[in-house]
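Listed below, chain by chain, are the residues.
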Amino acid sequence: MEEREHPAWLSEVVFRQAVESDLPALEWNGQFQHFRQIYQDVYRLSLRGEATIWVAELPEVELIGQLFVQLKSARFELADGKSSAYIFGFRVKPEYRSFGVGSRMMEWVEEDLLSKGYKRVNLNVNHDNIRARNLYERLGYRVIGEEPGLWSYIDDKGKLQDVNEPAWRMGKKLT
């Protein structure tokens, strides 16, 4: 999908690393409340230098985007802590999509990773999410495999949730 004409607010968007007080806003008024524990866990990893949480903020309005980067993973092929990183949990609020926020956020994060010596970025995109796959392909990502997409998490009520999201594994060499 083509980007729409750039609105005035677009130049005000700030990309920055999340701080602890941002965590409740990542739930987007309850829509992603079930991921509360994941957000807290990734934030703790960020304090140890193993992950980063990025936000797109429209100052004095709200957080309009979020993106998580795993720098070090037990799955070495995703993120090895030195040269490859893994992007996940990337989303832009629907009313702010198709204005270039997502593209700019991805480019911002890639530049940060490159400045830290990372040479490759990996991510998964749900088989059904054609719009996101198209975005990633426009940004230079290529399908490098498939991922069964079986994972689990503890929701905000303390209950184990099993997820089945078959996905394309995509990768990009940073230059």
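Residues numbered from 1 in each chain as written. Predicted model: local features only at pLDDT ≥ 70, side-chain atom pairs only at ≥ 80, totals over all residues. Heavy atoms only, no water.

(A) Local environment of the overall build of the chain. In terms of helices and strands, the chain carries three helices and nine strands. When its helices and strands are written in sequence order, the chain yields β-α-β-β-β-α-β-α-β-β-β-β. Since a compact globule built from 175 residues should have a radius of gyration of about 16 Å, the 16 Å found for the chain is in line with a globular shape. Along the first, second and third principal axes, the C-alpha atoms of the chain reach 40 × 40 × 30 Å. (Helix = DSSP H or I, 4+ residues; strand = E, 2+ residues; numbered from the N terminus. Rg over C-alpha atoms; globule rule 2.2 N^0.38 Å.)

(B) Seen up close, unusual backbone geometry. Phi at tryptophan 28 takes a positive value of approximately 50°, unusual for a residue other than glycine. Mapped onto the elements, tryptophan 28 comes out in the loop between strand E1 (14-17) and helix H1 (36-47).

(C) Geometry of the nonpolar core. Counting 33 residues, the largest nonpolar core has Ile87 and Tyr136 as the members making the most contacts within it. By residue number, the principal contributor to this core is helix H2 (residues 101-115), which donates five residues. Judged by nonpolar contacts, the second largest core, of 16 residues, contains Ala18, Trp28, Tyr39 and Phe68. (Core = buried A, V, L, I, M, F, W, Y, C linked by side-chain atoms within 4.5 Å. Buried < 20%, exposed > 50% of the residue type's maximum accessible area, 1.4 Å probe, protein only.)

(D) The packing of aromatic side chains, seen in detail. Applying the stated criterion to the full structure yields 14 aromatic pairs. Between tryptophan 9 and tyrosine 96, the aromatic rings sit 5.0 Å apart at their centres with planes inclined by 90°, giving edge-to-face as the arrangement. You can see tryptophan 9 sitting in the segment before E1 and its partner tyrosine 96 sitting in the loop between strand E4 (84-92) and H2, a full 87 residues away along the chain. Relative accessible area serves as the criterion here: at 10%, tyrosine 96 is assigned to the buried category. Members of the aromatic cluster, each reached through a chain of ring pairs, are Trp28, Phe32, Phe35, Tyr39, Phe68, Tyr86, Phe88, Trp151 and Tyr153. (Phe/Tyr/Trp six-rings, centres within 6.5 Å; stacked < 30°, edge-to-face > 60°.)

(E) Local environment of the environment of tyrosine 43. By the element assignment, tyrosine 43 lies in helix H1. Residue tyrosine 43 is classed as buried on the basis of its relative accessible area of 13%. For the pair tyrosine 43 and tryptophan 151, spaced 108 residues apart in sequence, the C-alpha to C-alpha distance is 19 Å. What tyrosine 43 contacts, discounting residues up to four positions off in sequence, is Ala18, Val19, Glu20, Leu23 and Ile53. (Contact = heavy atoms within 4.5 Å.)

(F) Structural detail: the confidence of the model for the chain. Mean pLDDT over the chain works out to 94, with 98% of the residues at or above the 70 mark. At the low end of the mean pLDDT range in the chain sits strand E7 (residues 150-154), at 95; at the high end sits strand E2 (residues 51-58), at 98. (pLDDT = per-residue confidence, 0-100.)

(G) Helix H3 (residues 130-138), seen in detail. Taken together, the buried positions of H3 are occupied by Ala132, Leu135 and Tyr136. Each buried residue of H3 sits inside an arc of 95° when the element is viewed along its axis, so together they form one side. Here the buried face of H3 lies against E4, H2, strand E5 (120-126) and strand E9 (167-173). A positive phi of about 100° marks glycine 140, the residue just after H3. (Arc of directions from axis to C-beta.)

(H) Highlighting the sheet that holds E5. Spatial strand order, E1-E2-E3-E4-E5-E9-E6: seven strands in an open sheet with mixed pairing. Because the sheet does not close on itself, it has two edges, and the strands there are E1 and strand E6 (142-147). Put simply, the sheet's adjacent strands are angled 30° from each other on average, direction ignored. As paired strands, strand E3 (residues 62-70) and E4 are joined by five bridges and run antiparallel to one another. Paired with glycine 65 across the bridge in E4 is valine 92. (Pairing = 2+ DSSP bridges. Axes fitted to C-alpha atoms, helices over the stretch in contact; angles between N-to-C directions.)

(I) Focus on the pattern of salt bridges. This structure, assessed with the given rule, holds 13 salt bridges. In this structure, glutamate 62 and lysine 93 form a salt bridge, with 2.6 Å as the shortest nitrogen-oxygen distance. Highlighted residues: glutamate 62 in strand E3 and lysine 93 in the loop between E4 and H2, separated in sequence by 31 residues. The class of glutamate 62 is partly exposed, set by a relative accessible area of 24%. Residue classification places lysine 93 among the buried residues on the basis of a relative accessible area of 8%. Here arginine 75 ties to glutamate 147 by a salt bridge, and the two come within 2.9 Å at their closest N and O atoms. Placement of arginine 75 in the loop between E3 and E4 and of glutamate 147 in strand E6 is noted, with a sequence separation of 72 residues between them. Given a relative accessible area of 34%, arginine 75 falls into the partly exposed group. Among the charged side chains, a salt-bridge network with shared partners connects Arg75, Glu77, Glu147 and Arg169. (Salt bridge = Lys/Arg side-chain N within 4 Å of Asp/Glu carboxyl O.)

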